[in-house]
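# What the coordinates show
Spelled out from the first residue to the last, the chains are:
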Amino acid sequence: MGMRTKKFDCVQMKNHIQRELRREYQARKAEFTSYADFLNATADESEEIRIFCDKVAKAKTVAQS
């Protein structure tokens, strides 16, 4: 089985996301006491992240049973 060609660069994607988050933080900085507070609030606003966190919590519960 040969190696597949990647369709995207993970590091490039991560750097892009981090730049966008930093840009948004700079624009909304007055609303938060820290960058960590901004990240937590941004995550709380995201339906996609909320669904992911619910799945992780359920998996942890099953693993501990």
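About the cut-offs
Residues numbered from 1 in each chain as written. Predicted model: local features only at pLDDT ≥ 70, side-chain atom pairs only at ≥ 80, totals over all residues. Heavy atoms only, no water. Helix = DSSP H or I, 4+ residues; strand = E, 2+ residues; numbered from the N terminus. Buried < 20%, exposed > 50% of the residue type's maximum accessible area, 1.4 Å probe, protein only. Areas by Shrake-Rupley, 256 points an atom, 1.4 Å probe, with all protein chains shown as cover. Lys, Arg positive; Asp, Glu negative; His and termini not counted. Charge placed at Lys NZ, Arg CZ, Asp CG, Glu CD. Expected span 1.5 Å × (residues − 1). Polar contact = N/O pair within 3.5 Å; in protein donor to acceptor, adjacent residues only side chain to side chain. Phe/Tyr/Trp six-rings, centres within 6.5 Å; stacked < 30°, edge-to-face > 60°. Salt bridge = Lys/Arg side-chain N within 4 Å of Asp/Glu carboxyl O.

## Examining the overall build of the protein chain
Across its full length, the protein chain holds 3 helices and 0 strands. The principal-axis extents of the C-alpha atoms in the protein chain amount to approximately 50 × 40 × 15 Å. In the protein chain, which comprises 65 residues, the proportion classed as buried is 9%. Total accessible area on the protein chain stands at roughly 6,100 Å², and carbon and sulfur atoms take up 58% of it. Averaged over its 13 positive side-chain charges, the protein chain has a centre that lies 8 Å from the centre of its 10 negative ones.

## So, helix 3 (residues 47-64)
With 18 residues, helix 3 extends 26 Å between its outermost C-alpha atoms, agreeing within 8% with the 26 Å of an ideal straight helix rising 1.5 Å per residue. The buried fraction of helix 3 amounts to 0 of the 18 residues, a small share that puts the element mostly on the outside. Where helix 3 begins, the side chain of Ser46 points an oxygen toward the backbone nitrogen of Glu48, at a separation of 3.4 Å.

## Quick word on the packing of aromatic side chains
Taken as a whole and judged by the stated rule, the model has 4 aromatic pairs. On the basis of an interplanar angle of 75 degrees and a centroid distance of 5.0 Å, the ring pair of Tyr25 and Tyr35 is categorised as edge-to-face. Residue Tyr25 is found in helix 1 (residues 10-28), and its partner Tyr35 is found in helix 2 (residues 35-45); the two are separated by 10 residues along the sequence. With relative accessibility at 8%, the residue Tyr25 sits in the buried group. Overall, the relative accessible area of 25% leaves Tyr35 in the partly exposed class. Considering the side-chain rings of Tyr25 and Phe38, the 5.4 Å spacing of their centres and the 50 degrees angle between planes classify their relative orientation as tilted.

## Notes on the pattern of salt bridges
Evaluation of the coordinates by the stated rule reveals 5 salt bridges. Notably, a salt bridge pairs Arg23 with Glu20, separated by 2.5 Å at the nearest N-O pair. With a gap of 3 residues between them, Arg23 and Glu20 both fall in helix 1, about one helical turn apart. Arg28 serves as the salt-bridge partner of Glu45, at 3.7 Å between the closest nitrogen and oxygen. Highlighted residues: Glu45 in helix 2 and Arg28 in helix 1, separated in sequence by 17 residues. Look at Glu45 and you get exposed, because its relative accessible area is 52%.

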